[in-house]
Amino acid sequence: VILGDQELLKSILLYHVAKPTLSAKIVSKLNGIKTLSGKFITNKSTGGEVILNTSKVIATDINGENGVIHVLDTVLVPTEYTSLNEIVTAKNVNLKRYTGLWFEQYRFPNRFERGCFDVTAEYQLKRGKVSVKNVCIKLNGKSKSSKGTAIVTNRETNAELKVSFVPLLQRWGIFAGDYNILAIDENYENVLVGSKDRSFLWILSRGETIDSQIVLDLKQKAESLGYNTDKLIKTPSLQ
């Protein structure tokens with residue numbers, strides 16, 4: 001059936017090709033892979049095994065004439081539900097309603113929140129930009145805060161921003177990180193935030209706790225965008 005459908009065959013073949021060349025070492029560290037088909041492969045590696053979507057990598061770094069080949073145990077087949085290479089953000093965010101205090105509920109582990117408990121994020125509008133104040137409690141009970149500036153990069157949706165915590169340079173967005181509002185409810189009570197390369201993901205809420213069904217819904221949304229929600233951890237609390 002596949003061989004008789006040239007468009008389907010082409011989409012499957014391109015779904016197995018990435019550019020530039022990626023060695024096995026690089027692949028193992030990526031959260032996912034952008035393919036030439038325009039769709040995204042999720043890296044769900046675990047226990048030393050590299051799992052792309054649901055296929056296991058069984059041989060690596062085979063040199064070819066125009067690249068490097070990695071062998072999978074099954075064929076990767078994209079569907080209409082397969083995540084696109086580029087994430088899709090919320091369609092329209094009211095930044096005035098977005099400002100205020102948020103409680104971090106879940107996150108992808110990251111170096112700058114290592115050892116952080118009871119994390120909060122507070123946003124305020126200032127002269128067309130968004131001030132950011134992140135606070136966490138360390139194991140010794142002392143608080144640690146970081147102040148930054150967010151610049152909106154997509155004025156049509158207000159859902160794509162760049163956040164810099166580098167003193168003196170943050171007003172220009174230099175060394176800024178990726179901040180994308182992926183989903184938010186109409187009451188601005190719960191939000192899903194992530195980076196375009198799928199390396200960072202957060203679930204935030206206005207309250208100190210969050211309903212388990214809301215968490216499940218936001219996880220499903222994240223999965224549909226190509227994030228590996230198996231990596232999410234519950235933000236620890238000292239309380």
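*Asks:* I would appreciate a short explanation of helix α4 (residues 212-224) in the present structure.
*Replies:* Residues spaced three or four apart along an α-helix point in a common direction, a consequence of the helix completing one turn every 3.6 residues. Here α4 is 13 residues long and its end C-alpha atoms lie 18 Å apart, about the 18 Å a rise of 1.5 Å per residue gives. Where α4 is concerned, the buried positions are Val215, Leu218 and Ala222. Considered in projection along α4, the buried side chains sweep an arc of 70° and stay on one side of the axis. Close packing links the buried residues of α4 with β6 (100-107), β11 (177-184), β12 (190-194) and β13 (201-205). Positioned one or two residues after α4, Gly226 has a phi angle of 100°, which is positive.

*Asks:* Where do I start with the state of the cysteines in this structure?
*Replies:* Here, disulfide denotes a covalent bond that connects the sulfur atoms of two cysteines. Within the structure shown, the criterion is met by one disulfide. Disulfide pairing places Cys116 opposite Cys136 at an S-S distance of 2.2 Å. Its S-S torsion of approximately -45° makes the covalent link between Cys116 and Cys136 left-handed. Here Cys116 is found in the loop between β6 and β7 (117-126), whereas its partner Cys136 is found in strand β8 (residues 129-137), with 20 residues between them in sequence. By relative accessible area, which is 4% here, Cys116 ends up buried.

*Asks:* Got a minute to help me understand the nonpolar core in this structure?
*Replies:* Across soluble globular proteins, you tend to see nonpolar side chains buried next to one another. Core analysis: the biggest nonpolar cluster contains 22 residues, and Val93, Tyr98, Tyr123, Tyr179, Ile181, Val191 and Leu204 have the highest contact counts within it. Looking at this core, the elements with two or more residues in it are α3 (95-98), β7, β8, β9 (143-152), β10 (160-164), β11, β12 and β13. Looking at which element gives the most residues to this core, the answer is β11, with three residues. Excluding residues within four positions of it along the chain, Val191 makes contact with Tyr98, Trp102, Ile181, Ala183, Ile184, Trp202, Ile203, Leu204 and Leu218. In this structure, Ile87, Ala183, Ile203 and Tyr227 belong to the second largest nonpolar core, which totals 15 residues.

*Asks:* Looking at this structure, how should I read the pairing of β8?
*Replies:* In the case of a regular strand, side chains alternate between the two sheet surfaces. Alignment of β7 against β8, held across eight bridges, turns out to be antiparallel. When the bridges of β8 are listed, Leu125 appears paired with Val130. Counted along the chain from β7 to the antiparallel partner β8, the turn is two residues long, and its residue Arg127 has a positive phi close to 50°. Two strands pair when backbone bridges link them, and β8 and β9 are joined in this way by eight bridges, in the antiparallel orientation. Bridge pairing in β9 places Ser131 opposite Thr149. The loop that links β8 with its antiparallel partner β9 comprises five residues; one of these, Gly141, has a positive phi angle of about 90°.

*Asks:* Sorry if this is basic, but what is going on with unusual backbone geometry here?
*Replies:* Excluding glycine, residues mostly carry a negative phi; peptide bonds, for their part, are mostly trans. The omega angle of the peptide bond from Lys19 to Pro20 is 5°, so this bond is cis rather than trans. Its place among the elements puts Pro20 in the loop between α1 (6-14) and α2 (24-29). Backbone geometry at Asp61 places phi at a positive 55°, although glycine is not the residue there. Tracing the backbone shows Asp61 in strand β4 (residues 55-63). On the accessibility criterion, Asp61 (40% relative accessible area) is partly exposed. Positive phi outside glycine occurs at Tyr188, with the angle close to 55°.

*Asks:* Got a minute to help me understand the sheet that holds strand β5 (residues 68-72) in this structure?
*Replies:* Pairing between the strands of a sheet is mediated by backbone hydrogen bonds and can be parallel or antiparallel. What the three strands build is an open sheet, ordered β3-β4-β5; its pairing is antiparallel. Two strands in the sheet have a free side with no partner beyond their single neighbour: β3 (51-52) and β5. Relative to β5, β4 is paired through four bridges, and the arrangement is antiparallel. If you follow Asn63 over to β5, its bridge partner there is Val68.

What counts, and where the lines are drawn
- Residues numbered from 1 in each chain as written.
- Predicted model: local features only at pLDDT ≥ 70, side-chain atom pairs only at ≥ 80, totals over all residues.
- Heavy atoms only, no water.
- Helix = DSSP H or I, 4+ residues; strand = E, 2+ residues; numbered from the N terminus.
- Expected span 1.5 Å × (residues − 1).
- Buried < 20%, exposed > 50% of the residue type's maximum accessible area, 1.4 Å probe, protein only.
- Arc of directions from axis to C-beta.
- Contact = heavy atoms within 4.5 Å.
- Disulfide = S-S within 2.5 Å.
- Core = buried A, V, L, I, M, F, W, Y, C linked by side-chain atoms within 4.5 Å.
- Pairing = 2+ DSSP bridges.

Purely geometric stuff here, so don't read any function into it on its own.
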